[in-house]
Each structure stands twice: as C-alpha cells, then as structure tokens.
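A closer look at the structure
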Amino acid sequence: MAWLAESTKPIFLIQSYRDSATVSKIRFKVGIAGEMNQANPLRLPSDHPLRSSVNDGMYLGAQSGYVFTRVLYYAKDTVDLKISSPSKLRTVELSFTPTKVLRGYNVNILMDVDYSVWFQGANVNLDTPGELSQKIVDKLTQSFTVTQITTGI
C-alpha cells in the first residue's frame, strides 16, 4: 500500500497474482460452527440442505445445534447416539503429497473415513452414551485420510 504525501487516503496498487500454487494441506471442521449451528432450520429457504433436519431428528435445538455424527449401534440395547454441540466440533488438518494447482482450476480431494478408529478404546457394552460420544469425538481427527488429489476445471 502506498500513501500520497498530501493525502491521508491510501492508494492501492494493482498487484500481480500467482499463476500456480503448491497445495500440501487441507483443514476443515467436522460439524457446523458459529451462528449457523444455532439457526432454526424452519427459517431457512425450502431448498436449503439443513431444512429437513427438523423432520429427520438431526437438529436438537439452539443449544446443541445440528447433529454432525450419528451412530446407531446394538449393544445390550439399541443405542442411537447423536453427537452435536459447539464443544464437540473438531478441526481436521491433513497433509498430503504437494500438488501443483494452476490458477482457475479446482482441486478435488478424495478422502476416506475409517470409522473403526472412532471405537478404539471404546466398549459399547460398558461405556455410557456420554463416554462413548467423547471417545468418538476424540478420535474424529485421526480417522480421515487423503486418498486421491486431482485438479481440473
């Protein structure tokens, strides 16, 4: 940014943009963060993906927000475990082989989730739903792997 001596307003200069970049990491959150997590789905447009969450039990109210992980399992009894709330959101950061991306092209990152990782150290017959929920949340970030990276229009 440059300044004119007789003016207090900055002059913005045209900058050059990179034609390519090398990407080697991806970072994302599992869950819905912020105000959107508390938004009443009935107030969203009819074509919004979160609108149906009221009917399918995936919105638990303004305090807990939207369910971002749901596990239905059979132990002593059938358990429908719904994980939500801002305190349970996790950030996943994955490194991968550096990939050159040209300006104007998309990066497509294919990932796998190994759900068995969520249950390492858990006992569905002995752990309470709260304990099991915490164990799953603690393992979320370790369960993702990048399997393929492609670039294209």
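Analysis parameters
- Residues numbered from 1 in each chain as written.
- Predicted model: local features only at pLDDT ≥ 70, side-chain atom pairs only at ≥ 80, totals over all residues.
- Heavy atoms only, no water.
- Core = buried A, V, L, I, M, F, W, Y, C linked by side-chain atoms within 4.5 Å.
- Buried < 20%, exposed > 50% of the residue type's maximum accessible area, 1.4 Å probe, protein only.
- Helix = DSSP H or I, 4+ residues; strand = E, 2+ residues; numbered from the N terminus.
- Contact = heavy atoms within 4.5 Å.
- Phe/Tyr/Trp six-rings, centres within 6.5 Å; stacked < 30°, edge-to-face > 60°.

Some remarks on the nonpolar core
For soluble globular proteins, nonpolar side chains are generally found buried alongside one another. Formed by 17 residues in total, the largest nonpolar core has its most connected members in Val30, Leu81 and Ile136. Contributing elements (two or more residues each) for this core: strand E3 (20-30), strand E4 (69-74), strand E5 (78-83), strand E6 (90-102) and helix H1 (129-139). Contact partners of Leu81, with chain neighbours within four places excluded, come to Thr69, Arg70, Val71, Tyr73, Pro129, Leu132, Ser133 and Ile136.

Some remarks on the environment of Asp77
Structurally, Asp77 can be placed in the loop between E4 and E5. Residue classification places Asp77 among the exposed residues on the basis of a relative accessible area of 56%. Through-space distance from the C-alpha of Asp77 to that of Val124 is 10.0 Å; in sequence the pair is 47 residues apart.

Re the packing of aromatic side chains
Enumeration according to the criterion identifies 3 aromatic pairs in this entry. Judged by centre distance (5.3 Å) and plane angle (80°), the ring pair of Phe28 and Phe144 falls under edge-to-face. With Phe28 in strand E3 and Phe144 in strand E8 (residues 144-152), the pair connects residues that are 116 residues apart, well separated along the chain. On the basis of an interplanar angle of 90° and a centroid distance of 4.9 Å, the ring pair of Tyr115 and Trp118 is categorised as edge-to-face.

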